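Observations on chain architecture
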Amino acid sequence: MTTHGEPHETTPDLPEPVRARLERGTPSVLVDTRALEAVRRRFDAEQAHALGRYLAAAQSANTLRAYRSDWVAFTAWCLDQGRQSLPADPVDVAVYLAAAAEAVRPGEPARWAMAPATLERKAAAIASVHGAHGLPSPTRADVVRMTLRGIRRRRRAAPDRKRPVLLSTLEALLDERPAPGHPGGAARRRDALLLLAGFAGALRRSELAALTFDDVAVDTDPRTGEPLLLVRLSVTKTDQEGRHQSQVALPRGRRRGTCPVCAFADWADLLQAHRDGGADRVRALLAHDTDAQDPVGHRCHTYTGTDLADGSARPVFPAVDRHGTIRGRAVSDRAVAELVKRYARRAGLDPSVFSGHSLRSGFATQAALGGASDREIMRQGRWTNPRTVHGYIRIANPLEDNAVTRLGL
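Quick look at the structure, then. (Residues numbered from 1 in each chain as written. Predicted model: local features only at pLDDT ≥ 70, side-chain atom pairs only at ≥ 80, totals over all residues. Heavy atoms only, no water.)

**Section: the pattern of salt bridges**
As a reminder, the rule being used: The working definition used for a salt bridge is a side-chain nitrogen of Lys or Arg within 4 Å of a carboxyl oxygen of Asp or Glu. Here a strand is any run of E in DSSP of at least two residues, a helix any run of H or I of at least four, and the numbering for each starts at the N terminus.
For the structure on display, the rule yields 20 salt bridges. The salt bridge involving arginine 255 is made with glutamate 171; its shortest N-O contact spans 2.2 Å. Highlighted residues: arginine 255 in the loop between β5 (246-251) and α11 (260-287) and glutamate 171 in helix α8 (residues 167-175), separated in sequence by 84 residues. In the salt-bridge network here, residues are joined through shared partners; they are Arg256, Asp266, Asp269 and Arg299.

Right, here's the structure in full:
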């Protein structure tokens, strides 16, 4: 798992004890297999299996992957240094974090390999594994807490904010999609919807990757009668347990090429053809597709929805290969970020300053430029901290509500 463009931490030559531990271990580093074995002895295997399943679901898949990687790295370091990883000595943990804080990127001695937030996540992973085994966390010791505090103070820097995708940039990205027809037409339709939904819905890359057709409904704006999409977000970054069931509205766009509802209809038609007739039906449909996204008129006025929302959790954004083959699995959240970077590169922009978050931050910045209030931006973006929104407003217009405009210079 990477953060703010950091490279993956790899351990290409894991010591044999680490490999053996992984091979016989549970998929989740946060579940104590010995405790489950005790449950199995006291109750039965089915009850132990049920308990393990729900314990494993206590953390998101992304968190589990990150913690697992962090724990492997720490275990490998302990073996290399002749230390014990479980239970770990607090001083050993502090030394490990300090050494990691000093690491630089290969070939880039002026750039740190890991941000303070990454090191804090590593400490959290170590604490979680200890907790899962009924052991006190070594990260609660003063030596570890003070080390992390010192790292934060020494490594103070402005956050590496990626550039927001504003409306003009969004249109430039849309222009770089593959040509209509086969084989690029499938990716062309899918990516139009992904970019428009991510921008208009202020969606995180993980939220885009997790969307299913069961989460999307076609509805009508009660004020204007215009069509819109209602997107249900059952699980989000800030609501991992899905308690609030957030909902985002995607209204009809002014133009056909930037209309999320039309893009959804175009893409759903293609996926229905794929479901009913496979690749041959898709190719036949795309053969008559001169440019599905930019004809003169909208098609969303008469669109009533799709039967792809059938309770099967069919992904809205499945993977599509370079041959135009539509896969059954959903794209990953990393693939969403890579898609934004790829189209930025094709548009002649610097891909390193864009990420999957650029769509979400682009919504907030473009809305602020358009005069939207804090409350309006926070509602669509599901932000709860006004300071986050104020940051986007300052980026959009640094003179907004600024007394410097009244100095009379």
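**Here we look at the nonpolar core**
What counts here: What is meant by a nonpolar core is a set of buried Ala, Val, Leu, Ile, Met, Phe, Trp, Tyr and Cys residues, joined one to another through side-chain atoms within 4.5 Å. Note on classification: 1.4 Å probe, protein chains only; a residue is buried when its accessible area is under 20% of the maximum for its type, exposed when over 50%, partly exposed between these limits. Any two residues whose heavy atoms approach within 4.5 Å at even a single point are treated as in contact.
One finds Leu193, Leu195, Leu208, Phe213, Trp267 and Phe317 to be the most contacted residues of the largest nonpolar core, which totals 53 residues. Among the secondary structure elements, those contributing two or more residues to this core are α8, α9 (185-200), α10 (205-210), β4 (227-233), β5, α11, β6 (318-320) and α12 (333-346). Of the residues forming this core, the biggest block, 11 residues, is contributed by α11. Leave out the neighbours within four places in its chain, and tryptophan 267 touches Ala186, Arg189, Arg190, Leu193, Phe213, Val316, Pro318, Val320 and Ile326.

**Things to note about the pairing of β5**
Short version of the rule: Two strands pair under a simple rule: DSSP has to find at least two bridges between them.
By the alternation rule, side chains of β5 split into Ser246, Val248 and Leu250, which are all buried, and Gln247, Ala249 and Pro251, of which none is buried. Here six bridges tie β4 to β5, and the two strands are oriented antiparallel to one another. Bridge pairing in β5 places leucine 229 opposite leucine 250.

**Here's the deal with unusual backbone geometry**
Leucine 86 connects to proline 87 through a cis peptide bond whose omega is -5°. By the element assignment, proline 87 lies in the loop between α4 (61-81) and α5 (90-102). For the bond running from histidine 182 to proline 183, omega is 5°, close enough to zero to count as cis. Here proline 183 lies in the loop between α8 and α9. For alanine 313, which is not a glycine, the phi torsion comes out positive at approximately 55°. The topology assignment puts alanine 313 in the loop between α11 and β6.

**Regarding the packing of α9 against α12**
Note the following rule: Lines are fitted to the C-alpha atoms to define the axes, a helix being fitted only along its stretch in contact, and any angle between axes, read from their N-to-C directions, falls within 0 to 180 degrees. An angle below 35 degrees is read as roughly parallel, one above 145 as roughly antiparallel, one from 65 to 115 as roughly perpendicular, and any other as oblique. Under the scheme applied, nonpolar residues are Ala, Val, Leu, Ile, Met, Phe, Trp, Tyr, Cys and Pro; charged residues are Asp, Glu, Lys and Arg; polar residues are all the others, including Gly.
Packing of α9 against α12 brings their axes to within 11 Å, and their N-to-C directions diverge by 100°. One element, α9, and the other, α12, form an angle in the roughly perpendicular class. Across the interface between the two elements, Arg190, Asp191, Leu194 and Leu195 of α9 pack against Val336, Leu339, Val340 and Tyr343 of α12. Its residues placed into classes, the contact of α9 with α12 shows six nonpolar, no polar and two charged.

**Observations concerning α4**
Spelled out, the test is: Here a helix's expected span is defined as the number of its residues, less one, multiplied by 1.5 Å.
In a regular helix each residue adds 1.5 Å, so 21 residues correspond to 30 Å; α4 covers 30 Å between its end C-alpha atoms and thus fits that length. Looking at α4, one finds that the buried residues are Leu64, Ala66, Tyr67, Asp70, Trp71, Val72, Ala73, Phe74, Thr75, Ala76, Trp77 and Cys78. Of the residues flanking the end of α4, it is glycine 82, one or two places downstream, whose phi is positive at about 70°.

**Examining the environment of aspartate 276**
Stated formally: Pairing of N or O atoms within 3.5 Å defines a polar contact, subject to two protein rules: one partner must be a possible hydrogen donor and the other a possible acceptor, and residues neighboring in sequence count only if both atoms are side-chain atoms.
Along the polypeptide, aspartate 276 turns up in helix α11. Among the polar contacts listed, one links the side chain of aspartate 276 to the side chain of arginine 275, at a separation of 2.8 Å.

**Brief notes about α5**
Three or four residues apart is the spacing at which side chains of an α-helix point the same way, because the helix has 3.6 residues per turn. In a regular helix each residue adds 1.5 Å, so 13 residues correspond to 18 Å; α5 covers 19 Å between its end C-alpha atoms and thus fits that length. Among all positions of α5, only Asp92, Val93, Ala94, Tyr96, Leu97, Ala100 and Ala101 are buried.

**Quick look at the environment of arginine 145**
In this structure, arginine 145 sits in helix α7 (residues 142-154). For arginine 145, a relative accessible area of 38% translates into the label partly exposed. The spacing of arginine 145 and alanine 94 is 51 residues in sequence and 8.3 Å in space, taken between C-alpha atoms. Beyond its immediate stretch of four places on either side in the chain, arginine 145 contacts Thr139 and Arg140. Within the structure, the side chain of arginine 145 is placed 2.3 Å from the side chain of aspartate 142, a separation counted as a polar contact.

**Here we look at the pairing of strand β3 (residues 216-220)**
Note: β3 against β4, five bridges, orientation antiparallel. Each residue of the ladder has a partner; that of threonine 220, found in β4, is proline 227. Remark: six residues form the turn of the hairpin made by β3 and β4, two consecutive strands paired antiparallel; glycine 225 in that turn has positive phi of roughly 80°.

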